[in-house]
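# Per-entry structural report
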Amino acid sequence: MNLKNVLLTAVFSSAITLSPLHAAERVDIGLSVPNFGPYAAVYVAEDLGYYADEGVDVQITAFRGGSAAQQALASGGMDIINYFPPGAAVAIERGVEQKVIAVGAARPDGWHMMVKSDSGIEKPEDLDGRRVGITGKNSTTDYYALWVADQYGIEIETVPVGGAGMIPALLSDQVDAISAFSPLTYRLIVSGDGRSLVDYAADMPPTLPDVWIASQSMIDAHPEQVEGVLRAMYRATRYMQENRDYSIEFLREFTGEEDPEVLRLEYEVGIMNRATRAHIEPEWLKASLGLAGDSGSGTLSPSEVYTDQFADIGAE
């Protein structure tokens, strides 16, 4: 696979020079997808007034995919986004001045390679020659599926079906397996319609499925605002971890999920394992960038992609 040809064609069809920053009190935050449970703390920080405590005025925008969030940051529309390191590295390689600044999640908790419960596929090797549903080419789901193929020495065909199309594609036998994230995985497990073939969080090293990325202009001109945003989000994560009832109710409203067992799993796995400190280990970043193989971005050093300027920021 060639990551150089993905994600950012649209980004670089326009100038990559960042437009002037917003007024000092305003920070625009971009999320890769809407209503994703692990992102709830970004909104909880607003609900609890933590951004105001830090003296920042936050505008949150949820995009339909990480590449769209990356495009918005590259064009100056966002100051901080949540994305994943290989995609961020592509942007950096192509000239966008930005850096990974903090971890969202070190491990892909709740991410699984799923098959139907009655599938004859019993082990990863049985996927050889099979069709695997992914959200889109060169997405995190794609990289994780290809990691499985590489680990087990098999060949698979990845089929983009979109996030909303994953469960229908699996249950209608359009694909033999899906490389999926929560709550899709939880819904399949709870309903009994699916089972896990590979638990990415258990079987992979930490690969940073989501990180926080800021424009270099934001880092240079307003580091105190970056710190404030991160501190507020980590405080909110810690609050959620310490206040189960509040968090499950917030998740219900935020995600639209009504099944109490799915919500329990979203909380106990997705929220309780969420980072509350910005620090990123170099090995995590190397493993994440390594998912890109020899596409170019996988050869960038961690220092070219990440700054530890904010590594000590946390919930405390």
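Scroll up to find the structure.
Read on for a plain summary of the structure. Since the structure is predicted, the reported quantities are computational estimates derived from the model, not experimental observations.

Moving on to the overall build of the protein chain. The helix and strand tally for the protein chain stands at 14 helices and 10 strands. Against the 2.2 N^0.38 benchmark of 20 Å for 316 residues, the protein chain shows a C-alpha radius of gyration of 19 Å, consistent with a compact globule. Once the C-alpha set of the protein chain is aligned to its principal axes, its extents read approximately 55 × 45 × 30 Å. For the protein chain, the proportion of its 316 residues judged to be buried stands at 55%. Surface accessibility of the protein chain: about 12,500 Å² in total, with carbon and sulfur atoms responsible for 46%. Computing the positive centroid from 22 side-chain charges and the negative centroid from 46, the protein chain places the two 3 Å apart.

Here we take up the layout of surface pockets. Approximately 970 Å³ is the volume found for the largest pocket. Lining the largest pocket are 43 residues, and of these Ser32, Val33, Phe36, Thr135 and Phe181 sit closest to its centre. Among the secondary structure elements, those contributing two or more residues to the lining of the largest pocket are α3 (66–74), β3 (80–83), α5 (140–152) and α7 (184–191). Considered class by class, the residues forming the lining of the largest pocket number 18 nonpolar, 18 polar and seven charged.

Counting residues in hydrophobic clusters, the biggest one holds 101 residues, and the most contacted among them are Tyr51, Met113, Leu127, Trp212 and Leu230. Broken down by element, the residue count for this core peaks at eight residues, all from helix α10 (residues 223–242). Setting aside residues no more than four positions away along its own chain, Leu230 makes contact with Ile101, Ala102, Trp212, Phe310 and Ile313.

A separate point is the sheet that holds strand β1 (residues 26–31). One open sheet accounts for five strands, arranged β2-β1-β3-β10-β4; its pairing is mixed. The two strands at the open ends of the sheet, each matched to only one other strand, are β2 (57–62) and β4 (98–105). Sheet twist, expressed as the mean angle between neighbouring strand axes with direction ignored, is 25 degrees. Looking at chain direction, β1 and β3 are connected through two bridges and run parallel. Across the sheet, the residue bridging to Ile29 is Ile80, located in β3.

In this section: the sheet that holds strand β8 (residues 177–180). An order of β7-β6-β8-β5-β9 is seen for the five strands of this open sheet, with the pairing classed as mixed. Either end of the sheet is taken by a strand with one partner, and the two such strands are β7 (157–160) and β9 (194–199). Neighbour-to-neighbour, the strand axes of the sheet open up by a mean angle of 30 degrees, direction not taken into account. Each of β5 (112–116), β6 (131–134), β7, β8 and β9 touches α5; the most contacted strand, β6, lies at about 150 degrees to it. With respect to the sheet, α7 is in contact with β5, β8 and β9, its orientation differing from that of β5 by roughly 40 degrees.

It is worth spelling out empty space enclosed by the protein at this point. Summed over the entire model, instances satisfying the criterion amount to one cavity of 30 Å³ or more. Computed from the structure, the largest cavity encloses a volume of approximately 80 Å³. What lines the largest cavity is simply Pro38, Tyr39, Ala41, Val42, Val103, Gly104, Trp212, Met233, Tyr234, Thr237, Arg274 and Ala275. Looking at the lining of the largest cavity, the elements that each hand over two or more residues are α1 (40–47), β4 and α10. Looking at which element gives the most residues to the lining of the largest cavity, the answer is α10, with three residues. Class assignment of the residues belonging to the lining of the largest cavity gives a composition of nine nonpolar, two polar and one charged.

So, on to the environment of Gln70. Along the polypeptide, Gln70 turns up in helix α3. For Gln70, a relative accessible area of 0% gives the class buried. Spatially, the C-alpha atom of Gln70 lies 7.2 Å from that of Ile81, the residues being 11 residues apart in sequence. Polar side-chain contacts of Gln70 include one of 2.8 Å to the side chain of Gln98.

What follows is about helix α4 (residues 85–93). A large share of α4 lies buried, amounting to eight of its nine residues. The positive-phi residue at the C-terminal boundary of α4 is Gly95, with phi of around 115 degrees.

This paragraph deals with the environment of Phe36. Structurally, Phe36 can be placed in the loop between β1 and α1. Spatially, the C-alpha atom of Phe36 lies 9.5 Å from that of Phe181, the residues being 145 residues apart in sequence. Sequence-distant contacts of Phe36, defined by excluding residues within four places in its chain, comprise Phe181, Ser182 and Phe254.

Okay, the packing of aromatic side chains next. One pass over the structure, following the stated rule, counts 11 aromatic pairs. Look at Tyr43 and Phe254: their rings are 5.0 Å apart centre to centre, the planes differ by 45 degrees, and that puts the pair in the tilted class. Residue Tyr43 is located in helix α1, and its partner Phe254 is located in helix α11 (residues 244–255); the two are separated by 211 residues in the primary sequence. For the ring pair Tyr83 and Phe84, a centre distance of 5.2 Å and an interplane angle of 80 degrees mean the geometry is edge-to-face.

Calculation criteria
Residues numbered from 1 in each chain as written. Predicted model: local features only at pLDDT ≥ 70, side-chain atom pairs only at ≥ 80, totals over all residues. Heavy atoms only, no water. Helix = DSSP H or I, 4+ residues; strand = E, 2+ residues; numbered from the N terminus. Rg over C-alpha atoms; globule rule 2.2 N^0.38 Å. Buried < 20%, exposed > 50% of the residue type's maximum accessible area, 1.4 Å probe, protein only. Areas by Shrake-Rupley, 256 points an atom, 1.4 Å probe, with all protein chains shown as cover. Lys, Arg positive; Asp, Glu negative; His and termini not counted. Charge placed at Lys NZ, Arg CZ, Asp CG, Glu CD. 1 Å grid on protein atoms, 1.4 Å probe; cavity = no way out; pocket = protein on both sides within 12 Å on 5 of 7 lines; lining within 4 Å. Points joined across faces, edges and corners; volume = space filled by probe spheres on them. Nonpolar A, V, L, I, M, F, W, Y, C, P; charged D, E, K, R; others polar. Core = buried A, V, L, I, M, F, W, Y, C linked by side-chain atoms within 4.5 Å. Contact = heavy atoms within 4.5 Å. Pairing = 2+ DSSP bridges. Axes fitted to C-alpha atoms, helices over the stretch in contact; angles between N-to-C directions. Polar contact = N/O pair within 3.5 Å; in protein donor to acceptor, adjacent residues only side chain to side chain. Phe/Tyr/Trp six-rings, centres within 6.5 Å; stacked < 30°, edge-to-face > 60°.

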